[in-house]
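So the chains spell out like this:
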Amino acid sequence: MTVPTLILRSEAFPEGFYEFKPGHLPLVLGRSQSADITILDTQLSRRHAEIRINTAGQFELTDLGSTNLSIVNKNDITRHTLRHGDRILLGATEINVELSLPPSAPYDQTTRDLPLTDYQSP
């Protein structure tokens, strides 16, 4: 089974990005030092939003009743299933979402998924 990876990129992060596997979640983003990801942005609530795995096994962003809302792709959200390319705005902090799946092993693929090879009969 392949495990997805969530990568959050922002100039607000010390290293420029954070990378998570489902086992690292849930986590809270906010301006409080007690948040799992502390973002120095006065427009953020102390506990602004949370990322967790939903019942379908997907990464999900939930607003935690923040004062200045959570916005994904220019839409106010209370809950949003994250997709590759999403742009999150928390306060004045923009976060870009990348989702990656490791390549599956050949035995996990159907014959349609396998690359074609030239077969030479003996």
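It should be noted that the structure appears before, not after, this text.
This text gives an overview of the structure that appears in the document.

How each quantity is defined
- Residues numbered from 1 in each chain as written.
- Predicted model: local features only at pLDDT ≥ 70, side-chain atom pairs only at ≥ 80, totals over all residues.
- Heavy atoms only, no water.
- Helix = DSSP H or I, 4+ residues; strand = E, 2+ residues; numbered from the N terminus.
- Buried < 20%, exposed > 50% of the residue type's maximum accessible area, 1.4 Å probe, protein only.
- Contact = heavy atoms within 4.5 Å.
- Areas by Shrake-Rupley, 256 points an atom, 1.4 Å probe, with all protein chains shown as cover.
- Pairing = 2+ DSSP bridges.
- Axes fitted to C-alpha atoms, helices over the stretch in contact; angles between N-to-C directions.
- Phe/Tyr/Trp six-rings, centres within 6.5 Å; stacked < 30°, edge-to-face > 60°.
- Lys NZ or Arg CZ within 6 Å of the ring centre and 35° of its normal.

What about the overall build of the chain?
Part 1 of the reasoning: Across its full length, the chain holds zero helices and eleven strands.
Part 2 of the reasoning: Looking at the 122 residues of the chain, the share that counts as buried comes to 34%.
Part 3 of the reasoning: The contacts in the chain between residues at least 6 apart in sequence include a share of 34% that link residues at least 24 apart.
Part 4 of the reasoning: Carbon and sulfur atoms make up 50% of the accessible area of the chain, which amounts to about 8,200 Å² in all.

Observations regarding the sheet that holds strand E7 (residues 70-72)
Part 1 of the reasoning: Across the sheet, which stays open at both edges, the six strands sit in the order E2-E1-E11-E10-E7-E8 with antiparallel pairing between neighbours. The open sheet has two edge strands, strand E2 (17-20) and strand E8 (75-77), and neither has a second partner. Each strand of the sheet is rotated relative to its neighbour by a mean of 30°, with strand direction disregarded.
Part 2 of the reasoning: With three bridges connecting them, E7 and E8 associate as antiparallel partners. Among the inter-strand pairings, Ser70 is bridged to a residue of E8, identified as Ile77.

Overview of the packing of aromatic side chains
Part 1 of the reasoning: By the definition in use, this model includes two aromatic pairs.
Part 2 of the reasoning: Judged by centre distance (4.7 Å) and plane angle (65°), the rings of Phe13 and Tyr18 are edge-to-face.
Part 3 of the reasoning: Accessibility expressed as a relative area gives 25% for Tyr18, which makes it partly exposed.
Part 4 of the reasoning: With a centroid separation of 6.1 Å and an interplanar angle of 20°, the aromatic rings of Tyr18 and Phe20 are classed as stacked.
Part 5 of the reasoning: Sitting over the face of the ring of Phe17, Arg9 holds its NZ or CZ atom 5.3 Å from the ring centroid.

A short note on the environment of Pro22
Part 1 of the reasoning: Within the secondary structure layout, Pro22 lies in the loop between E2 and strand E3 (27-30).
Part 2 of the reasoning: Counting along the chain gives 35 residues from Pro22 to Gly57, while the straight-line C-alpha distance between them is 8.4 Å.
Part 3 of the reasoning: Look past the residues within four positions of Pro22 in its chain and what remains in contact with it is Val3, Pro4, Ile53 and Phe59.

Observations concerning the sheet that holds strand E6 (residues 59-63)
Part 1 of the reasoning: Strand order in the open sheet formed by five strands is E4-E3-E5-E6-E9, and the pairing between neighbours is mixed. The open sheet terminates on both sides in strands that have one partner only, identified here as strand E4 (37-38) and strand E9 (79-81).
Part 2 of the reasoning: For strand E5 (residues 49-53) and E6, the ladder comprises five bridges, and the chain directions are antiparallel. Across the sheet, the residue bridging to Ile53 is Phe59, located in E6.

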